[in-house]
Amino acid sequence: MRSKVEVNADQALKVIDLSTTQLIKKFDTDFTQEVIEYASKFFENVENVKSCIQCATCTGSCPSGRETAWRVRKLIRQIQLGLKNAAIRNDVLWDCTTCYTCQERCPRLIPITDIVRAVRNIAVRNGFMLPRHVQVAGLMIKHGHAVPINDEVKAVRKEIGLSELPPTVHSYPDALGEVKKLLDETGFTKLVEEASKGVQK
Ligand code: SF4
Ligand code: SF4
């Protein structure tokens, strides 16, 4: 018969196993590299993200952070630590206005705003989009234009000296097929469909 102490040791090991598994799930060590490789396709000096010293100049300069729970320094740390889920499954990720103030001030020359944009792309590719973004993207897919046009909008446009219809597919309805084809071929339509169904990878 096993002693009470041995049983407790087994239980403790189970707890350790469980927390190790959770830890592995929580820390995706490939995430740092994923962000660097993805963002480097479009932006320069992304590798600098590794050199963040958490000085908080970015967060302290951030106009969005004054009004919301968005803390850009935290995102940079999550990237360094490989906290993929925490970074991409986070609604505040979308509170950055991409004003570039943080990027201009970072003493480590980290392209912070570019990185935010890249992480948003990664989030969407993993099925995380805000419902209002899904809605706007859906309008784009359906009408070829993200802003619906109606009599009220037409009247406002006229009042400020614009043509009633914007020079988009609203004025050129024959181009709608081409817009839809572009959205299909770039994978945009599929991404939005998956996000709207809550398909997460
Ligand atoms: S300003 Fe640059 S170095 Fe300082 S915390 Fe932000 S990202 Fe890191
Ligand atoms: S780019 Fe985004 S994170 Fe940077 S200061 Fe502007 S709102 Fe804040």
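In this text, all values refer to a predicted model and were calculated from it rather than measured experimentally.

### Brief notes about helix α2 (residues 31-40)
Residues of α2 that are buried: F31, T32, V35, I36, Y38 and A39. For α2, the secondary structure elements touched by its buried residues are α5 (72-81), α6 (84-88) and α8 (112-125).

### Here we look at the site of ligand 1
Surrounding ligand 1, one finds 13 residues, the nearest of these being C52, C55, A56, C58 and C106. Here the residues of the shell around ligand 1 sort into 9 nonpolar, 2 polar and 2 charged.

### Considering the packing of helix α9 (residues 131-143) against helix α12 (residues 188-196)
At a minimum axis separation of 10 Å, α9 and α12 run at an interaxial angle of 140°. Taken together, α9 and α12 sit at an angle that is classed as oblique. The two elements α9 and α12 cross, and the hand of that crossing is left-handed. Only F188, T189, V192, A195 and S196 of α12 make contact with α9, whose side of the interface consists of V134, A137, G138 and I141. Partitioning the contact of α9 with α12 into residue classes produces 6 nonpolar, 3 polar and no charged.

### Quick notes on the site of ligand 2
Taken together, 13 residues lie around ligand 2, and C62, W70, C96, C99 and C102 are the ones closest in. Of all the elements in the fold, those that place two or more residues in the shell around ligand 2 are α4 (63-67) and α7 (101-105). Class assignment for the residues of the shell around ligand 2 results in 8 nonpolar, 5 polar and no charged.

### Observations regarding the packing of α5 against α8
Helix packing geometry: the angle between the two helix axes and the distance between the axes. Look at α5 against α8: their axes get within 11 Å of each other, and the N-to-C directions meet at 65°. It follows from the interaxial angle that α5 and α8 lie roughly perpendicular. Viewed along their axes, α5 and α8 form a crossing whose handedness is left-handed. Judged by residue contacts, V72, L75, I76 and I79 of α5 engage I112, I115, V116 and V119 from α8.

### Brief notes about the environment of L176
Looking at where L176 falls in the secondary structure, it is placed in helix α11 (residues 176-185). L176 gets classed as partly exposed once you look at its relative accessible area, which sits at 22%. With 35 residues separating them in the primary sequence, L176 and I141 have C-alpha atoms 9.3 Å apart.

### Considerations on a nonpolar patch on the surface
Taken together, the side chains of V156, I160 and L162 present a nonpolar region at the surface, about 280 Å² in accessible area. In this structure, V156 sits in helix α10 (residues 151-159). The exposure class assigned to V156 is partly exposed, which follows from its relative accessible area of 46%.

### Topic: the packing of aromatic side chains
Under the counting rule described, the total for this entry stands at 2 aromatic pairs. Put simply, the rings of Y38, F42 and F43 pair up and form one aromatic cluster.

### Re α5
Among the residues making up α5, those that are buried are V72, L75, I76, Q78, I79 and Q80. Within two residues after α5, G82 carries a phi angle of roughly 75°, on the positive side.

Criteria and cut-off values
- Per-chain numbering applies: the sequence of each chain, read as written, is numbered from 1 onward.
- To read the labels, note that chains go from A and ligands from 1, taken in the order they are written.
- Restriction of local features to residues with pLDDT of at least 70 applies here, the model being predicted, together with a cutoff of 80 or more for giving and counting side-chain atom pairs; totals for whole chains, interfaces and linings are based on all residues.
- Heavy atoms from the whole structure form the basis of all side-chain values; hydrogens and water molecules are not counted.
- Categorising residues by exposure relies on relative accessible area from a 1.4 Å probe, with only protein chains included: less than 20% of the type maximum marks a residue as buried, more than 50% marks it as exposed, and the intermediate range marks it as partly exposed.
- Numbering of helices and strands runs from the N terminus; a helix is a DSSP stretch of H or I covering at least four residues, while a strand is a stretch of E covering at least two.
- Any two residues whose heavy atoms approach within 4.5 Å are treated as being in contact.
- Throughout, near means a residue has at least one heavy atom within 4 Å of the molecule or strand.
- Residue type decides the class: Asp, Glu, Lys and Arg count as charged, Ala, Val, Leu, Ile, Met, Phe, Trp, Tyr, Cys and Pro as nonpolar, and the leftover types, Gly among them, as polar.
- Lines fitted to C-alpha atoms define the axes, with helix axes restricted to the stretch in contact, and inter-axis angles between N-to-C directions lie between 0 and 180 degrees.
- Here is the rule for angles: anything less than 35 degrees is roughly parallel, anything more than 145 is roughly antiparallel, 65 through 115 is roughly perpendicular, and the remaining ranges are oblique.
- Should the near helix be turned anticlockwise from the far one by less than a right angle, the crossing is termed left-handed; should it be turned clockwise, right-handed.
- Surface patches are defined over residues having more than 30% relative accessible area and no salt bridge, joining like charges when they lie within 9 Å and nonpolar side chains (Val, Leu, Ile, Met, Phe, Trp, Tyr) when within 5 Å.
- Computed with a 1.4 Å probe, the accessible areas rest on the Shrake-Rupley method; for each residue, only the protein chains presented here act as cover.
- For this document, the term salt bridge refers to a Lys or Arg side-chain nitrogen within 4 Å of an Asp or Glu carboxyl oxygen.
- Note on aromatic pairs: the rings of Phe, Tyr and Trp (six-membered ring only in Trp) are paired at centre separations within 6.5 Å, and the planes decide the class, stacked below 30 degrees, edge-to-face beyond 60, tilted for the rest.

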